[in-house]
Amino acid sequence: MRCFCVIVLLALAAACGPKGRSEMSEEDGRLTNRLGDQNSPYLLQHAENPVHWQPWDSLAFREARRLQRPVFLSIGYSTCHWCHVMEEESFMDTEVAALMNETFVCVKVDREERPDIDNVYMRYAVAMTGSGGWPLTIIMTPEGEPFFAATYIPRESSFGRRGMLELIPLVSDAWSNRREEVYASAGRVSSALFGRDPEFEGPVSGEDPARLCFRQLEDSFDRRWGGFGAAPKFPSPHNVLFLLRYFRITGDSAALDMAERTLGAIRYGGIWDQLGGGIHRYSTDGQWHVPHFEKMLYDQALMALASLEAFQATGKDLYRRMAGELLDFVMREMAAPSGSFYSALDADSPGGEGAYYTWAPGEMESLLAPGTAASLEALWGIDDEGDLAGLPHGGPGMNVLRLELPPPGVPLPDTLPGPGEETLEALLDHRELRPAPLMDRKVLADWNGMTAAAMARGGIVLGRPDLLGAAGRCIDFVTDSMTSDEGRLFHSWKSGEPGARGFLDDYAWMIFACMELHTATLDTGYLETALRFQEMQDDLFLDSSSGVYTFSCGGDGALDIPRTVETHDGAVPSGNSITLLNLYRLWGLTGDTSLKNRADSLTAALSGRAAASPAGHSMLISAMLNGPRHARVTISGSREDPALRELHLAALRVYSPDITVIAEEREGAASAVACVQGACRPPVVSPAGLEEILGSFP
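Here we summarise the structure given alongside this text. The structure displayed is predicted, hence computed values, not measured ones.

1. With respect to the sheet that holds strand β11 (residues 439–440)
Thinking step 1. Judged by pairing direction, the sheet is antiparallel, and its three strands sit side by side in the order β9-β10-β11 without closing on themselves. The two strands at the open ends of the sheet, each matched to only one other strand, are β9 (295–296) and β11.
Thinking step 2. Bridge count between β9 and strand β10 (residues 344–345): two bridges; the pairing is antiparallel. Bridging from a neighbouring strand, K295 pairs with L345 of β10.

2. Regarding the side chain of R434
Thinking step 1. Among the secondary structure elements, R434 is positioned in the loop between α15 (421–431) and β11.
Thinking step 2. Judged by its relative accessible area of 14%, R434 falls in the buried class.
Thinking step 3. Of the polar contacts made by the side chain of R434, one reaches the backbone oxygen of Y356; its length is 2.7 Å.

3. As for the side chain of H84
Thinking step 1. Of note, H84 is situated in helix α4 (residues 81–91).
Thinking step 2. Excluding residues that lie within four positions of it along the chain, H84 makes contacts with Q45, S78, T79, D346 and D348.

4. Focus: the sheet that holds strand β14 (residues 497–498)
Thinking step 1. With antiparallel pairing, three strands are arranged side by side in an open sheet as β12-β13-β14. Since the sheet does not close on itself, it has two edges, and those belong to β12 (443–444) and β14, each with one partner.
Thinking step 2. Strand direction decides the pairing type here: strand β13 (residues 492–494) and β14, joined by two bridges, are antiparallel. Bridge assignment links W493 to a residue of β14, and that residue is P498.

What counts, and at which threshold
Along each chain, residue indices are assigned from 1 in the same order as the chain's sequence is written. For a predicted model such as this one, the threshold for reporting local features is a pLDDT of at least 70, and the threshold for listing and counting side-chain atom pairs is 80 or more; totals across whole chains, interfaces and linings nevertheless cover every residue. With hydrogens and water excluded, all non-hydrogen atoms of the structure serve as input to the side-chain values. We treat two strands as partners when DSSP finds at least two bridges between them. Secondary structure elements follow DSSP: runs of H or I of four or more residues count as helices, runs of E of two or more count as strands, with numbering from the N terminus. For the exposure calls, accessible area comes from a 1.4 Å probe over protein chains only, and a residue counts as buried if that area is under 20% of its type's maximum, exposed if over 50%, partly exposed in between. Think of a polar contact as two N or O atoms within 3.5 Å of one another; within protein, one of them needs to be a possible hydrogen donor and the other a possible acceptor, and neighboring residues in sequence only count if both atoms come from side chains. Here a residue-residue contact requires only that any non-hydrogen atoms of the pair lie within 4.5 Å.

The structure is reproduced here in structure tokens:
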């Protein structure tokens, strides 16, 4: 889903100031904008709107029922470009705001703080319009049942899209004169979506879901530019992870070729920040050339994990460099003083979207020697036309830096062409004088779990103790500042205040991160934390009748919104996918067969969905493929013995996804035993012997 303009007017509708305050105005009893006392950067962006925005709370819906008005629900996030556009066009416009305030109770939600609300209403939007994205616009009854859905809506009707000034009177007329029809329509949609418990098919006969997933990805693979499908093109690191793991088990070189071509094309493209490092959210074209310029923490973490596994699988230095550049960018630009990591950098800056990152012809000449400037302009494709001409946010001469990708079949060099360190520093210093994009400084538990996991994996694979230290500090922050006295996670944190209670993804990714840190350090404290969080996750989210995990715990005091089950691997892998990996790894670390039984039940419940939409469940299928057969290594000896450490490092050098390592303290020479699928090899004492055994496992 993406921040594109989509508006569908339902047949029913077609027939049809001040800074935030914490309560209604005492003078006239009318609602006012209440966002000024919120903590979300996104909500605070709207605190000065003349729209009388309410946060999602019981007061907002109580007032909707009292006033007998529909609710105008707007969901977005702080770094969303089209959210900014709709605010500027409509929510800051006094004429539109007056219509909204007279007709609706208007509620604003930060999708990153409340993904549970976003999940539910995005399902409505997709069911009602066939697509979704942000800003998400929902008009619904005071009881929370939608009867209209859209994404971005312009101020005035244009290009076949009905505008706010025309839409609101139509909705008002329908609500005033045909309210029974409105309620009936909303009830039918709600009943169709949530009127019964979701069904989960058991194991399906026929072809292996992993083979089906590989074929789907192969069919949609862009052999020239890498990636999958046409524009806009998303990095989708979990697809790369699936291909690498599929290659590891099957030996199918086509899977490795697709993974490598995708990673290499991304590194050469404009979606990669050629100066500052880091990856933008997606490419607006099929060549990874012109990105949507926001930088999300989760993209950096997941792409780093994919690059690290590619390096382990191939030994190619290009992927080692990619992982290091990504993690260095996060450490430099997105690290909070607390040890946690911030959520995102905005797509927009005061100069407009892309202004911070693009370069004009001749701009480098004032900074560098003429010959150097000319060669870099040629290298990065800088010309008079630019890359953003004709786009709503661009103009001529705005160039996105990228490298020329060699054609298929030409190996990519390990060292990419580019400026030396001194030249790079001069260009970065100049860029940093420009007005910078906004940083969203909230901390999210799930995205920090992804990042801590990538830091831990990078620390051991790249031989970087600084990354291991960063991973540990991040986990410590979440367990200290984002965990309640009862041991429950909070989903978000900002300025010393936690937000909503944690969701499935928060637990799944924190467990994953703790296991990565345990694997990297053999510190049993991280394993104990992972087990404690897994127990809490089971208590809160496990549906014992089906064996799957729901995304949330249910109602929040404002509305009794439905509990959803998320299995699709979209922008990030689903919590169920990561949970399946976690359960198999925890079983490997503890030998507790109840964990394996839970994993097997989850596999059985979701195998039907995986087979029905394989490429949409690539991380889930990775877990099904690799989880039961992941390698388990037990190293024995004295922790003070350097030979034990060498065996530990040898176990992690081999590309063996989701490996688990246990250390047993005993006297005598250090040794290691490697097992997979219940079969254990004889003990070995040499690192080379252990690497050979692990490399031989299918």
